Amino acid sequence: QQPVQSPQAVILREGEDAVINCSSSKALYSVHWYRQKHGEAPVFLMILLKGGEQKGHDKISASFNEKKQQSSLYLTASQLSYSGTYFCGTESRDSWGKFQFGAGTQVVVTP
Amino acid sequence: DAGITQSPRHKVTETGTPVTLRCHQTENHRYMYWYRQDPGHGLRLIHYSYGVKDTDKGEVSDGYSVSRSKTEDFLLTLESATSSQTSVYFCAITPGGPSEQYFGPGTRLTVT
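Residues numbered from 1 in each chain as written. Chains lettered and ligands numbered in written order. Predicted model: local features only at pLDDT ≥ 70, side-chain atom pairs only at ≥ 80, totals over all residues. Heavy atoms only, no water.

1. Quick look at the overall build of chain A
Part 1: Assigned secondary structure in chain A consists of zero helices and 11 strands.
Part 2: Each helix and strand of chain A, ordered N terminal to C terminal, gives the series β-β-β-β-β-β-β-β-β-β-β.
Part 3: A compact globule built from 111 residues should have a C-alpha radius of gyration of about 13 Å, and chain A, at 13 Å, falls within 12% of that.
Part 4: Referenced to the eigenvectors of the C-alpha coordinate spread, the extents of chain A come out at roughly 45 × 30 × 20 Å.
Part 5: Across the 111 residues that make up chain A, the buried fraction comes to 46%.
Part 6: Considering only contacts within chain A whose residues lie at least 6 apart along the sequence, 55% involve residues at least 24 apart.
Part 7: Roughly 5,500 Å² of accessible area belongs to chain A as shown, and the carbon and sulfur atoms make up 49% of that amount. (Helix = DSSP H or I, 4+ residues; strand = E, 2+ residues; numbered from the N terminus. Rg over C-alpha atoms; globule rule 2.2 N^0.38 Å. Buried < 20%, exposed > 50% of the residue type's maximum accessible area, 1.4 Å probe, protein only. Contact = heavy atoms within 4.5 Å. Areas by Shrake-Rupley, 256 points an atom, 1.4 Å probe, with all protein chains shown as cover.)

Below you can see the structure in the form of structure tokens.
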């Protein structure tokens, strides 16, 4: 079963913040976050392995709540370059090496 | 550039014909994956490989087969293409362990 992402889409003005959530019904080993621009391949942003772990990439950060099997991606002080579709990818403890991706969250940042 | 290529990049084929897509890597990574991407579904795993001649099914494997006779090549075959297999296909690689996946540029396949 695919992880569930929310919201499906979000529109931001430059400088605003947003949160994207990813929820799984399975016990997770890792959570990955990727961004995809239109017509391009997904690009890796970050990976989270431990419960509570937070990672950052510029002003994009993420957290992982292992007990709830949830991860959140935080877009802080958004830039035009943040536009794209964000996907979470999950790897469960009983299917190591096998990834499932959420349906994606489309982010549009306007001037 | 993760050294991963896909061929062909675009293909139009007719229902019932066989189709083979190729993924080639220069990184010598152990794990290789085939995904399809359709609107509203994100990326769905078709098959993956954890070594030469070692493959396993993903969540949408029906109608697809794979082969990996060399570390660098992972082939995806549609034995008899159907219109429901019209999609964008991505190959991905990872060295294994908790590490990121690198995606190829994708193949747009249209089955008429």
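2. Details of the interface of chain B and chain A
Part 1: At the junction of the two partners, chain B supplies 24 residues and chain A supplies 20 residues.
Part 2: Between chain B and chain A, roughly 1,700 Å² of surface is buried when both sides are summed, and carbon and sulfur atoms account for 61% of that area.
Part 3: Where chain B meets chain A, there are zero salt bridges.
Part 4: Taken together, chain B and chain A are joined by five residue pairs in polar contact (both at pLDDT 80 or more).
Part 5: Per element, the largest residue contribution to the side of chain B that touches chain A is five residues, and it comes from strand 5 (residues 42–51) of chain B.
Part 6: Taken together, the residues of the side of chain B that touches chain A break down into 10 nonpolar, 10 polar and four charged. (Buried area = accessible area lost by both parts, 1.4 Å probe. Salt bridge = Lys/Arg side-chain N within 4 Å of Asp/Glu carboxyl O. Polar contact = N/O pair within 3.5 Å; in protein donor to acceptor, adjacent residues only side chain to side chain. Nonpolar A, V, L, I, M, F, W, Y, C, P; charged D, E, K, R; others polar.)

3. What about the nonpolar core?
Part 1: A:Trp33, A:Met46, A:Ile60, A:Leu73, A:Leu75, A:Tyr86 and A:Val107 are the most contacted members of the largest nonpolar core, which totals 21 residues.
Part 2: Contributions of two or more residues to this core are made by strand 2 (9–13), strand 3 (18–23), strand 4 (28–36), strand 5 (43–48), strand 7 (60–65), strand 8 (70–75), strand 9 (84–92) and strand 11 (105–110) of chain A.
Part 3: Here A:Tyr86 is in contact with A:Gln5, A:Ile20, A:Tyr34, A:Arg35, A:Leu45, A:Ile60, A:Leu73, A:Leu75, A:Gly104, A:Thr105 and A:Val107, once residues within four sequence places are set aside.
Part 4: In terms of nonpolar packing, the next biggest core, distinct from the first, is built from 19 residues, B:Val19, B:Ile46, B:Tyr89 and B:Cys91 among them. (Core = buried A, V, L, I, M, F, W, Y, C linked by side-chain atoms within 4.5 Å.)

4. Things to note about the pattern of salt bridges
All names here are of chain B.
Part 1: The full count for this structure, using the stated rule, is five salt bridges over all chains.
Part 2: Ionic pairing is found between Arg-22 and Asp-73, a salt bridge with its closest N-O pair at 3.1 Å. Of this pair, Arg-22 sits in strand 3 (residues 19–25) while Asp-73 sits in strand 8 (residues 73–78), placing them 51 residues apart in sequence.
Part 3: In this structure, Arg-36 engages Asp-38 in a salt bridge whose closest nitrogen and oxygen atoms are separated by 2.8 Å. Of the two residues, Arg-36 and Asp-38, neither departs from the other in class, the shared state being buried.

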